[in-house]
Amino acid sequence: MNGISGSRGRGAGAPEADVLVVGYGPVGQVLSILLARSGWRVVVVERHPEPYSLPRAVAFDAEAARTLDAIGVTGRIADITEPSQDYVVSDAAGRQLLRIGLGGTDGTGRPDSTSVYQPGLEAALAARGEELPTLRVHRGLRAVELTESGSGAELVAEDERGGERRTFTASWVVGCDGAGSFVRRSLGIGWADSGFALDWLACDVVPDRPEDFPPSNLQIADPARPRVAVSCGPGRRRWEFMRMPGEDRAEFGTEENAWRLLSMFSARPDNATLTRHATYTFRARNAEHWRRGRVLLAGDAAHQMPPFAGQGMCSGFRDAANLAWKLDLVLGGRAGEALLDSYEQERRAHVQHAIDLSVRLGRLICVTDPAAAADRDRAMTARSSGPARPAEPV
Ligand SMILES: Cc1cc2nc3c(=O)[nH]c(=O)nc-3n(C[C@H](O)[C@H](O)[C@H](O)COP(=O)(O)OP(=O)(O)OC[C@H]3O[C@@H](n4cnc5c(N)ncnc54)[C@H](O)[C@@H]3O)c2cc1C
(Lines give C-alpha, C1' and ligand atoms only; values in the text may rest on other atoms or scores of the structure.)
Protein backbone atom coordinates (compact mmCIF):
# COMPACT_ATOMS: atom_id res chain seq x y z
CA MET A 1 0.00 0.00 0.00
CA ASN A 2 1.38 3.38 -0.93
CA GLY A 3 0.54 6.96 -0.08
CA ILE A 4 -0.23 8.92 3.07
CA SER A 5 -3.71 7.38 3.04
CA GLY A 6 -1.96 4.11 3.88
CA SER A 7 -0.57 5.49 7.15
CA ARG A 8 -3.01 3.79 9.38
CA GLY A 9 -4.44 4.82 12.71
CA ARG A 10 -3.24 8.43 12.88
CA GLY A 11 -5.35 10.23 15.42
CA ALA A 12 -4.97 13.38 17.52
CA GLY A 13 -1.82 13.20 19.63
CA ALA A 14 -0.47 10.27 17.63
CA PRO A 15 3.29 10.30 16.97
CA GLU A 16 4.27 12.00 13.74
CA ALA A 17 6.06 8.91 12.45
CA ASP A 18 5.16 5.25 12.57
CA VAL A 19 8.85 4.45 12.36
CA LEU A 20 11.75 6.84 12.79
CA VAL A 21 14.96 5.59 11.21
CA VAL A 22 18.24 7.08 12.42
CA GLY A 23 20.85 6.89 9.66
CA TYR A 24 20.37 6.66 5.90
CA GLY A 25 23.23 4.36 4.94
CA PRO A 26 22.31 1.33 2.84
CA VAL A 27 20.57 -0.49 5.72
CA GLY A 28 18.49 2.51 6.79
CA GLN A 29 17.60 3.04 3.14
CA VAL A 30 16.41 -0.54 2.54
CA LEU A 31 14.43 -0.62 5.80
CA SER A 32 12.80 2.76 5.10
CA ILE A 33 11.81 1.73 1.60
CA LEU A 34 10.37 -1.61 2.76
CA LEU A 35 8.24 0.13 5.40
CA ALA A 36 7.17 3.10 3.27
CA ARG A 37 6.18 0.74 0.46
CA SER A 38 3.60 -0.65 2.89
CA GLY A 39 2.25 2.84 3.51
CA TRP A 40 3.83 3.46 6.93
CA ARG A 41 4.94 7.00 7.73
CA VAL A 42 8.70 6.76 7.90
CA VAL A 43 10.87 9.67 8.99
CA VAL A 44 14.66 9.47 8.57
CA VAL A 45 17.28 11.67 10.21
CA GLU A 46 20.73 11.45 8.63
CA ARG A 47 23.62 13.55 9.89
CA HIS A 48 25.43 13.86 6.54
CA PRO A 49 24.02 16.59 4.27
CA GLU A 50 25.22 14.54 1.27
CA PRO A 51 25.44 10.77 0.71
CA TYR A 52 28.61 9.24 2.22
CA SER A 53 31.21 8.63 -0.48
CA LEU A 54 34.15 6.84 1.16
CA PRO A 55 35.04 3.33 -0.09
CA ARG A 56 33.25 0.51 1.65
CA ALA A 57 31.13 -2.41 0.36
CA VAL A 58 32.13 -3.89 -2.99
CA ALA A 59 29.85 -6.93 -3.27
CA PHE A 60 26.48 -8.32 -2.24
CA ASP A 61 25.19 -11.88 -2.21
CA ALA A 62 22.19 -13.45 -3.95
CA GLU A 63 19.89 -12.92 -0.97
CA ALA A 64 20.72 -9.21 -0.94
CA ALA A 65 20.08 -9.20 -4.69
CA ARG A 66 16.60 -10.63 -4.08
CA THR A 67 15.90 -7.91 -1.49
CA LEU A 68 17.05 -5.18 -3.90
CA ASP A 69 14.86 -6.74 -6.59
CA ALA A 70 11.84 -6.78 -4.28
CA ILE A 71 12.14 -3.04 -3.64
CA GLY A 72 12.56 -2.13 -7.29
CA VAL A 73 16.24 -1.22 -7.35
CA THR A 74 17.84 -3.90 -9.57
CA GLY A 75 17.20 -2.12 -12.87
CA ARG A 76 18.70 1.08 -11.51
CA ILE A 77 22.05 -0.50 -10.64
CA ALA A 78 22.63 -2.49 -13.84
CA ASP A 79 25.37 -0.08 -14.98
CA ILE A 80 27.32 -0.22 -11.70
CA THR A 81 27.23 -3.97 -11.06
CA GLU A 82 28.78 -7.09 -12.56
CA PRO A 83 28.86 -10.74 -11.42
CA SER A 84 31.81 -11.37 -9.09
CA GLN A 85 34.58 -13.85 -9.82
CA ASP A 86 35.33 -16.91 -7.67
CA TYR A 87 36.81 -15.93 -4.30
CA VAL A 88 40.49 -16.92 -4.22
CA VAL A 89 43.02 -16.77 -1.40
CA SER A 90 46.59 -17.05 -2.66
CA ASP A 91 49.97 -17.11 -1.00
CA ALA A 92 52.68 -14.48 -1.63
CA ALA A 93 53.87 -16.34 -4.73
CA GLY A 94 50.38 -16.50 -6.25
CA ARG A 95 49.69 -20.16 -5.45
CA GLN A 96 46.03 -20.84 -4.69
CA LEU A 97 45.35 -21.67 -1.03
CA LEU A 98 41.55 -21.56 -1.16
CA ARG A 99 38.94 -21.14 -3.87
CA ILE A 100 35.26 -20.53 -3.09
CA GLY A 101 32.86 -20.80 -5.99
CA LEU A 102 31.07 -17.45 -6.26
CA GLY A 103 31.02 -17.22 -10.02
CA GLY A 104 27.70 -19.11 -10.38
CA THR A 105 24.04 -18.29 -9.76
CA ASP A 106 21.54 -19.13 -7.06
CA GLY A 107 18.34 -21.10 -7.72
CA THR A 108 16.62 -17.95 -9.01
CA GLY A 109 19.29 -17.10 -11.58
CA ARG A 110 20.83 -14.24 -9.62
CA PRO A 111 24.64 -14.19 -9.29
CA ASP A 112 25.98 -15.78 -6.11
CA SER A 113 27.87 -12.53 -5.67
CA THR A 114 27.56 -9.18 -7.44
CA SER A 115 30.37 -6.63 -7.49
CA VAL A 116 29.09 -3.11 -6.94
CA TYR A 117 30.07 0.50 -6.51
CA GLN A 118 28.52 1.35 -3.11
CA PRO A 119 27.99 5.12 -3.67
CA GLY A 120 26.05 4.21 -6.84
CA LEU A 121 23.97 1.68 -4.93
CA GLU A 122 23.16 4.25 -2.24
CA ALA A 123 22.21 6.80 -4.92
CA ALA A 124 19.84 4.27 -6.51
CA LEU A 125 18.28 3.50 -3.12
CA ALA A 126 17.88 7.22 -2.42
CA ALA A 127 16.18 7.72 -5.79
CA ARG A 128 13.79 4.83 -5.04
CA GLY A 129 13.05 6.37 -1.63
CA GLU A 130 12.13 9.69 -3.24
CA GLU A 131 9.30 7.97 -5.08
CA LEU A 132 7.57 6.93 -1.85
CA PRO A 133 5.20 9.61 -0.54
CA THR A 134 5.18 8.42 3.07
CA LEU A 135 8.99 8.51 3.38
CA ARG A 136 10.55 11.79 4.57
CA VAL A 137 14.32 12.05 4.70
CA HIS A 138 15.94 14.87 6.69
CA ARG A 139 19.61 15.18 5.77
CA GLY A 140 22.05 17.25 7.83
CA LEU A 141 20.34 16.34 11.13
CA ARG A 142 22.30 14.51 13.84
CA ALA A 143 20.36 12.53 16.44
CA VAL A 144 21.46 13.78 19.87
CA GLU A 145 18.82 12.72 22.42
CA LEU A 146 16.55 9.71 22.57
CA THR A 147 13.81 8.95 25.09
CA GLU A 148 11.85 5.70 25.03
CA SER A 149 8.51 5.72 26.83
CA GLY A 150 7.18 2.18 26.47
CA SER A 151 4.54 3.23 23.96
CA GLY A 152 6.77 5.25 21.65
CA ALA A 153 9.91 7.32 21.52
CA GLU A 154 11.03 10.91 21.17
CA LEU A 155 14.18 11.89 19.33
CA VAL A 156 15.94 15.24 19.32
CA ALA A 157 18.10 15.98 16.31
CA GLU A 158 20.46 18.89 15.78
CA ASP A 159 21.05 20.64 12.49
CA GLU A 160 24.68 20.03 11.49
CA ARG A 161 24.93 23.47 9.83
CA GLY A 162 22.99 25.84 12.11
CA GLY A 163 22.77 23.95 15.40
CA GLU A 164 19.02 24.36 15.84
CA ARG A 165 17.17 21.41 17.35
CA ARG A 166 14.08 19.53 16.19
CA THR A 167 12.05 16.98 18.09
CA PHE A 168 10.44 13.96 16.41
CA THR A 169 7.98 11.50 17.91
CA ALA A 170 7.52 7.97 16.62
CA SER A 171 5.84 4.71 17.54
CA TRP A 172 9.10 2.88 16.85
CA VAL A 173 12.71 3.96 16.35
CA VAL A 174 15.33 1.93 14.49
CA GLY A 175 18.99 2.83 14.88
CA CYS A 176 20.65 2.25 11.50
CA ASP A 177 23.36 4.72 12.43
CA GLY A 178 26.43 2.62 11.82
CA ALA A 179 29.34 1.38 13.89
CA GLY A 180 29.49 4.37 16.26
CA SER A 181 25.69 4.22 16.72
CA PHE A 182 24.34 7.02 18.87
CA VAL A 183 21.14 5.00 19.31
CA ARG A 184 23.00 1.94 20.66
CA ARG A 185 25.06 4.08 23.04
CA SER A 186 22.05 6.04 24.27
CA LEU A 187 20.38 2.73 25.20
CA GLY A 188 23.48 1.74 27.17
CA ILE A 189 23.99 -1.37 25.02
CA GLY A 190 27.55 -2.68 24.82
CA TRP A 191 29.36 -5.04 22.46
CA ALA A 192 30.16 -8.72 22.58
CA ASP A 193 33.58 -8.28 20.96
CA SER A 194 35.37 -11.13 19.16
CA GLY A 195 38.69 -9.32 19.63
CA PHE A 196 39.59 -8.74 15.99
CA ALA A 197 41.03 -5.25 15.30
CA LEU A 198 43.31 -4.61 12.34
CA ASP A 199 43.77 -1.49 10.21
CA TRP A 200 43.39 -1.69 6.44
CA LEU A 201 43.64 0.99 3.78
CA ALA A 202 40.88 0.73 1.14
CA CYS A 203 41.64 2.40 -2.22
CA ASP A 204 39.02 2.87 -4.95
CA VAL A 205 40.66 3.21 -8.33
CA VAL A 206 39.44 3.82 -11.88
CA PRO A 207 42.10 2.52 -14.29
CA ASP A 208 42.44 4.38 -17.58
CA ARG A 209 42.24 0.98 -19.34
CA PRO A 210 40.24 -1.36 -17.07
CA GLU A 211 41.02 -4.23 -19.47
CA ASP A 212 44.64 -4.00 -18.29
CA PHE A 213 43.42 -4.85 -14.75
CA PRO A 214 41.00 -7.77 -15.24
CA PRO A 215 38.36 -8.05 -12.49
CA SER A 216 39.36 -10.44 -9.71
CA ASN A 217 38.22 -11.49 -6.25
CA LEU A 218 41.65 -12.10 -4.80
CA GLN A 219 42.94 -12.11 -1.22
CA ILE A 220 46.74 -12.27 -1.15
CA ALA A 221 47.89 -13.80 2.14
CA ASP A 222 51.42 -12.38 1.86
CA PRO A 223 52.93 -12.09 5.36
CA ALA A 224 54.97 -9.08 4.13
CA ARG A 225 51.75 -7.23 3.23
CA PRO A 226 48.34 -8.95 3.24
CA ARG A 227 46.29 -7.32 0.47
CA VAL A 228 43.14 -7.60 -1.57
CA ALA A 229 42.30 -6.99 -5.25
CA VAL A 230 38.61 -7.02 -6.19
CA SER A 231 36.19 -5.51 -8.66
CA CYS A 232 33.80 -2.88 -7.39
CA GLY A 233 31.66 -2.80 -10.50
CA PRO A 234 32.40 -2.26 -14.18
CA GLY A 235 35.58 -0.24 -14.77
CA ARG A 236 36.30 0.16 -11.06
CA ARG A 237 38.80 -1.67 -8.90
CA ARG A 238 39.29 -1.88 -5.14
CA TRP A 239 42.73 -2.58 -3.71
CA GLU A 240 43.09 -2.94 0.06
CA PHE A 241 46.27 -3.18 2.15
CA MET A 242 46.84 -4.18 5.75
CA ARG A 243 48.78 -1.83 8.02
CA MET A 244 51.79 -3.79 9.21
CA PRO A 245 52.90 -3.87 12.86
CA GLY A 246 54.98 -0.74 13.61
CA GLU A 247 53.64 1.36 10.72
CA ASP A 248 52.37 4.81 11.71
CA ARG A 249 48.59 5.01 11.19
CA ALA A 250 48.49 8.62 9.96
CA GLU A 251 51.35 8.12 7.51
CA PHE A 252 49.80 4.82 6.37
CA GLY A 253 46.59 6.60 5.34
CA THR A 254 48.12 9.29 3.14
CA GLU A 255 47.52 9.50 -0.60
CA GLU A 256 51.26 9.24 -1.17
CA ASN A 257 51.34 5.93 0.70
CA ALA A 258 48.23 4.74 -1.15
CA TRP A 259 50.05 5.18 -4.47
CA ARG A 260 53.16 3.50 -3.08
CA LEU A 261 51.06 0.47 -2.13
CA LEU A 262 49.03 0.52 -5.35
CA SER A 263 52.26 0.14 -7.31
CA MET A 264 52.27 -3.48 -6.04
CA PHE A 265 49.43 -3.98 -8.55
CA SER A 266 51.08 -1.78 -11.23
CA ALA A 267 48.51 0.98 -10.69
CA ARG A 268 50.15 4.40 -10.99
CA PRO A 269 49.02 8.02 -11.38
CA ASP A 270 49.84 7.81 -15.11
CA ASN A 271 47.49 4.84 -15.74
CA ALA A 272 44.78 5.16 -13.08
CA THR A 273 42.80 7.62 -10.95
CA LEU A 274 42.58 7.14 -7.20
CA THR A 275 39.01 8.25 -6.53
CA ARG A 276 38.88 7.57 -2.78
CA HIS A 277 40.96 6.07 -0.03
CA ALA A 278 40.28 5.54 3.67
CA THR A 279 41.75 3.63 6.59
CA TYR A 280 39.37 1.41 8.56
CA THR A 281 39.83 -0.62 11.69
CA PHE A 282 38.17 -3.93 10.89
CA ARG A 283 36.32 -5.19 13.96
CA ALA A 284 34.13 -8.16 14.87
CA ARG A 285 31.35 -7.19 17.29
CA ASN A 286 27.75 -8.07 17.99
CA ALA A 287 25.58 -5.77 20.14
CA GLU A 288 24.61 -7.36 23.45
CA HIS A 289 20.95 -6.53 22.76
CA TRP A 290 19.18 -5.48 19.57
CA ARG A 291 16.02 -4.09 21.17
CA ARG A 292 15.05 -1.96 24.16
CA GLY A 293 11.30 -1.36 24.27
CA ARG A 294 10.31 0.67 21.25
CA VAL A 295 13.87 1.06 19.95
CA LEU A 296 15.68 -1.47 17.76
CA LEU A 297 19.09 -1.70 16.12
CA ALA A 298 19.96 -2.84 12.59
CA GLY A 299 23.01 -3.02 10.32
CA ASP A 300 26.42 -1.88 11.57
CA ALA A 301 24.71 -0.30 14.58
CA ALA A 302 24.02 -3.88 15.73
CA HIS A 303 27.07 -5.70 14.36
CA GLN A 304 30.39 -5.29 12.60
CA MET A 305 32.63 -7.81 10.93
CA PRO A 306 35.88 -7.65 8.96
CA PRO A 307 34.88 -7.50 5.28
CA PHE A 308 36.69 -10.70 4.20
CA ALA A 309 33.40 -12.54 3.62
CA GLY A 310 31.60 -9.50 2.16
CA GLN A 311 28.76 -9.92 4.64
CA GLY A 312 28.48 -6.64 6.61
CA MET A 313 25.99 -4.83 4.41
CA CYS A 314 24.33 -8.09 3.33
CA SER A 315 23.70 -8.93 6.98
CA GLY A 316 22.19 -5.46 7.42
CA PHE A 317 19.87 -6.05 4.47
CA ARG A 318 18.76 -9.30 6.13
CA ASP A 319 18.08 -7.34 9.34
CA ALA A 320 15.97 -4.86 7.38
CA ALA A 321 14.02 -7.58 5.59
CA ASN A 322 13.40 -9.47 8.86
CA LEU A 323 12.36 -6.36 10.78
CA ALA A 324 10.19 -4.71 8.12
CA TRP A 325 7.52 -7.40 7.87
CA LYS A 326 7.36 -7.74 11.66
CA LEU A 327 6.95 -3.99 12.19
CA ASP A 328 4.32 -4.02 9.45
CA LEU A 329 2.26 -6.64 11.32
CA VAL A 330 2.71 -4.99 14.72
CA LEU A 331 1.90 -1.49 13.45
CA GLY A 332 -1.16 -2.88 11.66
CA GLY A 333 -2.41 -4.56 14.85
CA ARG A 334 -2.14 -8.02 13.32
CA ALA A 335 0.57 -9.19 15.75
CA GLY A 336 1.58 -8.30 19.27
CA GLU A 337 4.83 -6.55 20.14
CA ALA A 338 6.29 -9.84 21.31
CA LEU A 339 6.78 -10.73 17.65
CA LEU A 340 9.62 -8.21 17.61
CA ASP A 341 11.56 -10.24 20.16
CA SER A 342 12.01 -12.85 17.44
CA TYR A 343 13.95 -10.25 15.40
CA GLU A 344 16.93 -10.37 17.76
CA GLN A 345 16.56 -14.10 18.37
CA GLU A 346 16.72 -14.88 14.67
CA ARG A 347 19.17 -12.28 13.46
CA ARG A 348 21.72 -12.18 16.29
CA ALA A 349 22.74 -15.84 16.00
CA HIS A 350 22.78 -15.69 12.22
CA VAL A 351 24.97 -12.59 12.24
CA GLN A 352 27.32 -14.23 14.75
CA HIS A 353 27.88 -16.99 12.20
CA ALA A 354 28.80 -14.36 9.57
CA ILE A 355 31.10 -12.62 12.08
CA ASP A 356 32.83 -15.91 12.92
CA LEU A 357 33.30 -16.79 9.25
CA SER A 358 34.70 -13.31 8.54
CA VAL A 359 37.13 -13.61 11.47
CA ARG A 360 38.26 -17.08 10.34
CA LEU A 361 39.00 -15.73 6.85
CA GLY A 362 40.68 -12.67 8.37
CA ARG A 363 42.92 -14.76 10.61
CA LEU A 364 43.88 -16.83 7.58
CA ILE A 365 44.72 -13.82 5.40
CA CYS A 366 46.25 -11.44 7.95
CA VAL A 367 49.16 -13.61 9.16
CA THR A 368 52.36 -11.51 9.35
CA ASP A 369 54.76 -14.05 10.86
CA PRO A 370 56.66 -15.60 7.90
CA ALA A 371 57.12 -18.99 9.61
CA ALA A 372 53.45 -19.26 10.54
CA ALA A 373 52.49 -18.21 6.99
CA ALA A 374 54.77 -20.89 5.53
CA ASP A 375 53.13 -23.56 7.73
CA ARG A 376 49.69 -22.33 6.68
CA ASP A 377 50.66 -22.34 2.99
CA ARG A 378 52.00 -25.89 3.14
CA ALA A 379 48.88 -27.20 4.88
CA MET A 380 46.46 -25.35 2.59
CA THR A 381 48.25 -26.02 -0.70
CA ALA A 382 47.98 -29.73 0.06
CA ARG A 383 44.22 -29.35 0.53
CA SER A 384 43.34 -26.90 -2.26
CA SER A 385 44.24 -28.85 -5.38
CA GLY A 386 40.56 -29.71 -6.10
CA PRO A 387 37.88 -27.64 -7.87
CA ALA A 388 36.29 -24.56 -6.33
CA ARG A 389 34.18 -25.29 -3.27
CA PRO A 390 30.65 -23.93 -3.25
CA ALA A 391 30.22 -20.73 -1.24
CA GLU A 392 29.79 -21.48 2.44
CA PRO A 393 26.25 -20.51 3.39
CA VAL A 394 26.18 -17.74 5.97
C1 LIG B 1 36.59 -1.61 3.37
C2 LIG B 1 35.21 -2.20 3.56
C3 LIG B 1 34.73 -3.12 2.66
C4 LIG B 1 33.46 -3.65 2.82
N5 LIG B 1 33.01 -4.57 1.91
C6 LIG B 1 31.77 -5.09 2.05
C7 LIG B 1 31.24 -5.98 1.06
O8 LIG B 1 31.87 -6.24 0.04
N9 LIG B 1 29.99 -6.47 1.26
C10 LIG B 1 29.23 -6.17 2.35
O11 LIG B 1 28.11 -6.69 2.48
N12 LIG B 1 29.71 -5.31 3.30
C13 LIG B 1 30.93 -4.77 3.16
N14 LIG B 1 31.40 -3.86 4.07
C15 LIG B 1 30.54 -3.48 5.21
C16 LIG B 1 29.51 -2.43 4.79
O17 LIG B 1 30.13 -1.32 4.16
C18 LIG B 1 28.74 -1.99 6.01
O19 LIG B 1 28.28 -3.12 6.71
C20 LIG B 1 27.56 -1.13 5.62
O21 LIG B 1 27.97 0.06 4.99
C22 LIG B 1 26.73 -0.80 6.87
O23 LIG B 1 25.61 -0.08 6.48
P24 LIG B 1 24.75 0.67 7.58
O25 LIG B 1 23.67 1.37 6.81
O26 LIG B 1 24.39 -0.25 8.68
O27 LIG B 1 25.76 1.72 8.25
P28 LIG B 1 26.50 2.95 7.58
O29 LIG B 1 26.75 2.71 6.15
O30 LIG B 1 27.66 3.27 8.46
O31 LIG B 1 25.44 4.13 7.67
C32 LIG B 1 25.11 4.71 8.91
C33 LIG B 1 24.52 6.08 8.64
O34 LIG B 1 24.10 6.64 9.88
C35 LIG B 1 24.45 8.00 9.90
N36 LIG B 1 24.55 8.44 11.29
C37 LIG B 1 25.48 8.06 12.20
N38 LIG B 1 25.25 8.66 13.38
C39 LIG B 1 24.16 9.43 13.22
C40 LIG B 1 23.42 10.29 14.08
N41 LIG B 1 23.78 10.48 15.38
N42 LIG B 1 22.35 10.94 13.59
C43 LIG B 1 21.97 10.78 12.29
N44 LIG B 1 22.64 9.97 11.42
C45 LIG B 1 23.71 9.29 11.89
C46 LIG B 1 25.77 8.05 9.14
O47 LIG B 1 26.04 9.35 8.65
C48 LIG B 1 25.54 7.03 8.03
O49 LIG B 1 25.02 7.60 6.86
C50 LIG B 1 32.67 -3.29 3.92
C51 LIG B 1 33.15 -2.35 4.84
C52 LIG B 1 34.41 -1.80 4.65
C53 LIG B 1 34.90 -0.78 5.62
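Position numbers for residues count from 1 along each chain, tracking the sequence in the order it is written. Owing to the predicted nature of the model, reporting of local features is limited to residues with pLDDT of at least 70; listing and counting of side-chain atom pairs is limited to 80 or more, with chain, interface and lining totals taken over all residues. Excluding hydrogens and water, the side-chain figures rest on all heavy atoms present in the structure.

1. Overview of the site of the ligand
Right, so step 1: Around the ligand, the structure places 33 residues, and the nearest of them are Glu 46, Arg 56, Ala 59, Ala 143 and Asp 300.
Right, so step 2: Between N or O atoms, a polar contact is any pair within 3.5 Å; within protein, one atom must be a potential hydrogen donor and the other a potential acceptor, and residues adjacent in sequence are included only when both atoms are from side chains. At 3.0 Å from an oxygen atom of the ligand is found a side-chain nitrogen or oxygen belonging to Arg 47.
Right, so step 3: Contact between the ligand and Cys 314: an oxygen atom at 3.0 Å from a main-chain N or O atom of the residue.
Right, so step 4: Contributions of two or more residues to the shell around the ligand are made by helix H1 (26-37), strand E2 (42-46), strand E9 (141-148), strand E15 (237-242), strand E16 (272-287) and helix H7 (312-331).
Right, so step 5: For the shell around the ligand, the residue count by class is 16 nonpolar, nine polar and eight charged. Any residue with a heavy atom positioned within 4 Å of a molecule or strand is treated as near that molecule or strand. Only runs of H or I of at least four residues qualify as helices and only runs of E of at least two qualify as strands under DSSP, and these elements are numbered from the N terminus. Amino acids outside the nonpolar list (Ala, Val, Leu, Ile, Met, Phe, Trp, Tyr, Cys, Pro) and the charged list (Asp, Glu, Lys, Arg) are all regarded as polar, and Gly is one of them.

2. So, the sheet that holds strand E7 (residues 113-116)
Right, so step 1: Being paired, for any two strands, means DSSP has found at least two bridges between them. Taken in spatial order, the three strands make up an open sheet running E3-E7-E4, and their pairing is antiparallel. In the strand order of this sheet, the two ends are held by strand E3 (59-61) and strand E4 (81-83), each with one partner. Neighbouring strand axes in the sheet, compared pairwise and without regard to direction, differ in orientation by 30° on average.
Right, so step 2: As judged from the three bridges shared by E3 and E7, these two strands associate in the antiparallel manner. Across the sheet, Phe 60 pairs through a bridge with Thr 114, a residue of E7. Helix axes are fitted to C-alpha atoms over the stretch in contact, other axes to C-alpha atoms as well, and angles between N-to-C directions run from 0 to 180 degrees.

3. Some details on the pattern of salt bridges
Right, so step 1: What counts as a salt bridge is simple: a side-chain nitrogen of Lys or Arg found within 4 Å of a carboxyl oxygen of Asp or Glu. What the rule picks out here adds up to 31 salt bridges.
Right, so step 2: In this structure, Glu 337 and Arg 294 form a salt bridge, with 2.7 Å as the shortest nitrogen-oxygen distance. Placement of the pair is Glu 337 in the loop between H7 and helix H8 (341-365) and Arg 294 in the loop between strand E17 (291-292) and strand E18 (295-297), with a sequence separation of 43 residues.
Right, so step 3: In this scheme, a residue with accessible area under 20% of its type's maximum is buried, one over 50% is exposed, and one in between is partly exposed, where area comes from a 1.4 Å probe on protein chains only. Overall, the relative accessible area of 11% leaves Arg 294 in the buried class.
Right, so step 4: Each of Arg 291, Arg 294, Glu 337 and Asp 341 takes part in one network of salt bridges that share partners.

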